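Geometric and topological summary
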Amino acid sequence: METARSPLLVETIHKYLSSVKTARSEHTARTYANALSVFSRVLKERWLDPETTPTDKLSEDAIAWLASYLKNFASATERLYLTAAAGFYEYVAAERLAD
């Protein structure tokens, strides 16, 4: 029996942002896209390139990496970007894309 391949992080991020776009305002969707762009940059710095990494390889450690990266951002931006990333993790869990 063949197991299904986990989608790449870039694919999952795109689907998440599409769901945000349909459920939230245009401004919120754009802000979440910016947040996930920063999150993707952090993942690349940790050798988890979203273009090549399956979603099931994403660990909760990445939130701590993002929080550390955001320390030089304004506190409101830091909170907002962490909220967007947390929403992404909730989406991954709801879609059963990771263990």
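In what follows, the accompanying structure is described. (Residues numbered from 1 in each chain as written. Predicted model: local features only at pLDDT ≥ 70, side-chain atom pairs only at ≥ 80, totals over all residues. Heavy atoms only, no water.)

1. Here we look at the packing of helix α1 (residues 9–23) against helix α2 (residues 26–45)
Keep this limit in mind: Fitted lines through C-alpha atoms give the axes, limited to the stretch in contact for helices. The angle between two N-to-C directions lies from 0 to 180 degrees. Secondary structure elements are taken from DSSP: a helix is a run of H or I of four residues or more, a strand is a run of E of two residues or more, and numbering for both begins at the N terminus. Relative orientations are named as follows: roughly parallel for angles under 35 degrees, roughly antiparallel for angles over 145 degrees, roughly perpendicular for angles from 65 to 115 degrees, and oblique for any other angle. By convention the crossing between two helices is left-handed if the near helix lies anticlockwise of the far one by an angle smaller than a right angle, and right-handed if it lies clockwise. Here, two residues are considered to be in contact whenever any of their heavy atoms come within 4.5 Å of each other. Classification convention: Asp, Glu, Lys, Arg as charged; Ala, Val, Leu, Ile, Met, Phe, Trp, Tyr, Cys, Pro as nonpolar; all other residues, Gly among them, as polar.
Two numbers describe how α1 lies on α2: the axes approach to 9 Å, and their chain directions differ by 165°. Relative to α2, the element α1 lies roughly antiparallel. You can see that α1 and α2 cross each other, and the crossing is right-handed. Only A29, Y32, A33, L36, S40 and L43 of α2 make contact with α1, whose side of the interface consists of L9, I13, Y16, L17, V20 and K21. For the contact of α1 with α2, a count of residues per class yields 10 nonpolar, one polar and one charged.

2. Concerning the nonpolar core
The test is simple: By nonpolar core is meant a set of buried Ala, Val, Leu, Ile, Met, Phe, Trp, Tyr and Cys residues that side-chain atoms within 4.5 Å join together. Burial classes follow relative accessibility: with a 1.4 Å probe on protein chains only, a residue under 20% of its type's maximum area counts as buried, one over 50% as exposed, and anything between as partly exposed.
Formed by 27 residues in total, the largest nonpolar core has its most connected members in Y16, L36, F39, L43, L58 and F88. At the level of secondary structure, the elements contributing two or more residues to this core comprise α1, α2, α3 (61–69) and α4 (75–94). Residue contributions to this core peak at eight residues, all from α2. Beyond its immediate stretch of four places on either side in the chain, Y16 contacts Y32, L36, A84, G87, F88 and Y91.

3. A word on α3
Stated formally: Each direction from the helix axis to a C-beta atom contributes to the arc, which is the arc of those directions.
Regarding α3, the residues found buried are A62, W65 and L66. Down the axis of α3, the smallest arc covering the buried residues is 100°, so these residues share one side.

In short, the description is geometric, and any link to function would need to be established separately.
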